[in-house]
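Spelled out from the first residue to the last, the chains are:
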Amino acid sequence: MEKEIKISEIKAAAQSAYNEVKDLTGGKNANYIPFLANIDPNLFGLSVTLTDGTSINIGDTEYKFGIESVSKVPTAILAMIQHTPKGVLEKIGADATGLPFNSIFALLLENDHPSTPLVNAGAIAACSLVAPQGDSEDKWKAITKNIAELCGSEAVLLDELYESETATNFKNHSIAWLLKQYNRIYDNVDISLDLYTRQCSLGITSSQLAIMGATIANNGLNPVTKLQVYDPEISPKITSMIASVGFYQHTGDWLYESGIPAKTGVGGGVMGVMPGLFGIAAFAPPLDDAGNSVKAQAVIKAFMNKLDLGIFKGDTVKIISD
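Described in the following lines is the structure provided in the data block. In every chain, residue numbers begin from 1 and rise along the written sequence. Under the rules for a predicted model, residues below a pLDDT of 70 receive no local features and side-chain atom pairs below 80 are neither given nor counted, while totals for whole chains, interfaces and linings still include all residues. For the side-chain quantities, the full set of heavy atoms in the structure was used; hydrogens and water were omitted.

**Some details on the pairing of strand β8 (residues 269-274)**
- A large share of β8 lies buried, amounting to six of its six residues.
- For every residue, the accessible area obtained with a 1.4 Å probe (protein chains only) is divided by the maximum for its type, and the residue is called buried under 20%, exposed over 50%, and partly exposed between those limits. Numbering goes from the N terminus for both helices and strands, where a helix is a DSSP run of H or I of at least four residues and a strand is a run of E of at least two. Here β8 shows a buried face lined by Gly 269, Met 271 and Val 273 and a second buried face lined by Val 270, Gly 272 and Met 274.
- The pairing of strand β7 (residues 262-264) with β8 spans three bridges and is antiparallel. Bridging across to β8, Ala 262 finds its partner in Gly 272.
- A strand pair is defined by DSSP finding two or more bridges across the two strands. Linking two consecutive strands that pair antiparallel, namely β7 and β8, is a turn of four residues; a positive phi of about 105 degrees is found at Gly 268 within it.
- Examined bridge by bridge, β8 and strand β9 (residues 278-283) share six bridges and lie antiparallel to one another. The residue bridging Val 273 from the neighbouring strand is Gly 279, located in β9.
- Counted between consecutive antiparallel strands, the loop separating β8 from β9 contains three residues, among which Gly 276 sits at a positive phi close to 80 degrees.

**Remarks on the environment of Asp 308**
- Its place among the elements puts Asp 308 in the loop between α13 (294-307) and β10 (316-320).
- Distance in space between the C-alpha atoms of Asp 308 and Gly 259 is 9.3 Å, their sequence separation being 49 residues.
- Contacts were defined at the residue level, with two residues in contact if any of their heavy atoms lie within 4.5 Å. In this structure, Asp 308 is in contact with Lys 3, Lys 313 and Asp 315, ignoring residues within four places of it in sequence.

Keep in mind these numbers describe shape, not what the thing actually does.
This is how it looks when you write it as structure tokens:
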């Protein structure tokens, strides 16, 4: 079925979804990272960027929150840029674990693969793959430059969050050394773990994440800056990873209800990718028991349902001007 959606309808759906969800309660801030526990739980923003560059921003969309696990997406892209999608598949993998994001058990079960760059083990392995090898600061420059190109603007390191993360990342230390034991980390262990911790501590806005999502939806062409960030063949690969593991053990439930591949982070952000159409991002700090923002999930689901969109619907969708 072919359908047309006006930009005005998308704007109206975003505003309606935001209004519907803004007073929703439930969940609580992540408390195992002290910095995150102290963020105002009432912050809430919704951003949509279309592949023509049109941006819709409602609420607290310029507040810089911790990107956390959403950072796994751009670093997986960078690893694919530098090592090809096939290289990332061989060195890390693309399988969903069906277990929590920081599961050691998952790594023990699949010690020949960290499974996917979108869980902690695979993300640490991805940081180890980033060139140049052995040079922490140049690797960091490559990671942050890639994120800036995907978003169209720079993300800023939140020093207090970085310190908080570094002081509490005991489980990730265990994961990193298990990767070393299994020959699935490709650079110095301490450098790789620190890079992963630093990238999770970047401050990002929902408006930036929506542009990143739109860049992925637009086959690597940033619709705002018009920069071709990566080869178009990478988009279906990273989108398939997001679709299969973006919400960890609740990914199936998420896709079933929302119809859009999306990646979540314990900082309260969720970034979604609707191929060929738009990127969407929402932010609200209180999380459910799986570490996913309660409000961000609800507003994206409401938005998708209002427009009757989903990657499995089989529709050919065209966005038109009014």
